[in-house]
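# Descriptive analysis of the structure
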Amino acid sequence: MAQVLTMPPRPAALLSFEEVWVEYGDKVVLERVSLQIAPQSFVSIVGPSGAGKSTFLRLITGQEQPTRGRVLMDGAPACDEPGPERGVVFQRYSVFPHLSALDNVAFGLNCAGSPLLGRLFGARRRAVREEAAAMLEAVGLQDAREIYPSQMSGGMQQRLAIAQALVRHPRVLLLDEPFGALDPGIRLDMHELILGLWQRHTLTILMVTHDIKEAFKLGTRVLAFDKRRRDPQAPHRYGATAVYDFLLDRKSPLGVLSEMEAVQDIVGIAPSFDVPL
Ligand SMILES: Nc1ncnc2c1ncn2[C@@H]1O[C@H](COP(=O)(O)OP(=O)(O)OP(=O)(O)O)[C@@H](O)[C@H]1O
Ligand SMILES: [Mg+2]
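Everything numeric in this text was worked out from a predicted model, so none of it was measured.

## Points about the site of ligand 1
Around ligand 1 lies a shell formed by Tyr24, Lys27, Val29, Gly47, Ser49, Gly50, Ala51, Gly52, Lys53, Ser54 and Thr55. For the shell around ligand 1, the elements supplying multiple residues, two or more each, are strand 2 (27–37) and helix 1 (53–61). With three residues, helix 1 is the single largest residue contributor to the shell around ligand 1.

## What about the packing of helix 4 (residues 154–166) against helix 5 (residues 184–200)?
The geometry of a pair of packed helices is captured by two quantities: the angle between their axes and the separation between those axes. Two elements in contact, helix 4 and helix 5, have axes whose closest approach is 11 Å; the angle formed by their N-to-C orientations is 15°. Accordingly, the angle class assigned to the pair helix 4 and helix 5 is roughly parallel. Remark: the crossing between helix 4 and helix 5 carries right-handed chirality. Taking contact as the criterion, the partners of Gly155, Gln158, Arg159 and Leu166 in helix 4 are, on helix 5, Ile186, Asp189, Met190, Leu193 and Leu197.

## Remarks on helix 1
Buried residues of helix 1: Lys53, Phe56, Leu57, Leu59 and Ile60, and no others. Each buried residue of helix 1 lies within a common arc of 150° when the element is viewed along its axis, so the set occupies one face. Where helix 1 ends, the next residue or the one after it, glycine 62, has phi of about 90°, a positive value.

## Re the nonpolar core
In terms of nonpolar packing, the biggest core is built from 63 residues, with Ile45, Val105, Ala132, Leu136 and Ala163 touching the most fellow members. With six residues, the single largest contributor to this core is helix 4. Lining this core are residues from two domains, each supplying at least three of them: domain 1 (12–85 + 170–277) and domain 2 (96–169).

## Structural notes on the environment of valine 172
With respect to the element layout, valine 172 can be found in strand 7 (residues 172–176). Given 22 C-beta atoms within a 10 Å radius, valine 172 is considered buried. For valine 172 and threonine 61, which are 111 residues apart along the polypeptide, the C-alpha to C-alpha distance reads 9.7 Å. Residue contacts for valine 172: discarding those within four places in its chain leaves Leu14, Ile60, Glu85, Arg86 and Thr204.

## Details of the pairing of strand 1 (residues 15–24)
For a regular strand, the rule is simple: side chains alternate between the two faces of the sheet. In this sheet, strand 2 lies alongside strand 1 in antiparallel orientation, the contact comprising seven bridges. Note on strand 2: the bridge partner recorded for leucine 15 is isoleucine 37. Where strand 1 hands over to strand 2, the hairpin turn is made up of two residues, of which glycine 25 adopts a positive phi near 60°. By the bridge criterion, five bridges tie strand 1 to strand 4 (residues 68–73) in an arrangement that is antiparallel. Each bridged residue has a counterpart across the sheet, and for serine 16 the counterpart in strand 4 is leucine 72.

## Focus on unusual backbone geometry
A negative phi angle characterises most non-glycine residues, just as the trans form characterises most peptide bonds. At glutamate 19, a residue that is not glycine, the phi angle is positive and equals roughly 45°. Here glutamate 19 is to be found in strand 1. Using a count of 12 C-beta atoms within 10 Å as the deciding quantity, one classes glutamate 19 as exposed. Despite not being glycine, threonine 202 has its phi angle at roughly 40°, a positive value. Along the polypeptide, threonine 202 turns up in the loop between helix 5 and strand 8 (204–208). C-beta crowding within 10 Å serves as the criterion here: with 9 such atoms nearby, threonine 202 is assigned to the exposed category.

Quick notes on the rules
- Residues numbered from 1 in each chain as written.
- Chains lettered and ligands numbered in written order.
- Predicted model: local features only at pLDDT ≥ 70, side-chain atom pairs only at ≥ 80, totals over all residues.
- Near = placed C-beta within 6 Å.
- Helix = DSSP H or I, 4+ residues; strand = E, 2+ residues; numbered from the N terminus.
- Axes fitted to C-alpha atoms, helices over the stretch in contact; angles between N-to-C directions.
- Parallel < 35°, antiparallel > 145°, perpendicular 65-115°, else oblique.
- Left-handed = near helix turned anticlockwise from the far one by under 90°.
- Contact = placed C-beta atoms within 7 Å.
- Buried ≥ 20, exposed ≤ 12 C-beta atoms within 10 Å, placed from the backbone.
- Arc of directions from axis to C-beta.
- Core = buried A, V, L, I, M, F, W, Y, C linked by C-beta atoms within 7 Å.
- Domains from an automatic or database assignment.
- Pairing = 2+ DSSP bridges.

Here you go:
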């Protein structure tokens, strides 16, 4: 009897951008962005300054609304407030300077458990602090629980920001140039950390970077944003879109160098050579 082969179901898109435009008056920032992001992908986003990369991330958190088109998460419109399923880490300043490391991480959980007071008591408070301590350990800050951000190096602050974003178990982690201000050696440590967290927490990551090598090293997919058309008389007339979209196969890294050159041509920035592939 003929055997019936069942195909594994194709993973549905976690995020869908459908003909998305972002405009401020007559200034077009993004135009006709149409793409889908699969769950558990690691998407690196590159592009020249002002191409709308941060705007693209803000569409996912709901901080920015498309002027045309739709952004969907699990098939439903991405809502106004960044919910717990979307964690964000910026290049700098995403931690609270007046809170210790432990309190910084516990803060999000406190608010989730007691939105009006932002404070918890008794057994629930202990559980939150234990969870925050475990998250600090996961990012290598187990010995820094009681210190404040001003007493930390840039790398430690970014670890703290990542712990703060992850403690609420987001499905999507948005990173906006998270390692741009860090020394090369520290950046390599952060690469290991983020790849480990991505796998252990089955996250979907979208990361903006100016470093093409970093984009190709970490990503399973590389998107480059740029304008397809330009009007020298009216530079604001046209917006940027994803002009390059490349799926990386980690098993066959051959060809990546030529892809990096292609991206360099689009983006107009040379890959920095302090991040080995
Ligand atoms: N509220 C606003 N009003 C008008 N223009 C805006 C506003 N917010 C952003 N823009 C414009 O949108 C464009 C895209 O900005 P965005 O910050 O997304 O770029 P980016 O690619 O992240 O740049 P960078 O690499 O420098 O961080 C810029 O030209 C910016 O001036
Ligand atoms: Mg930006």
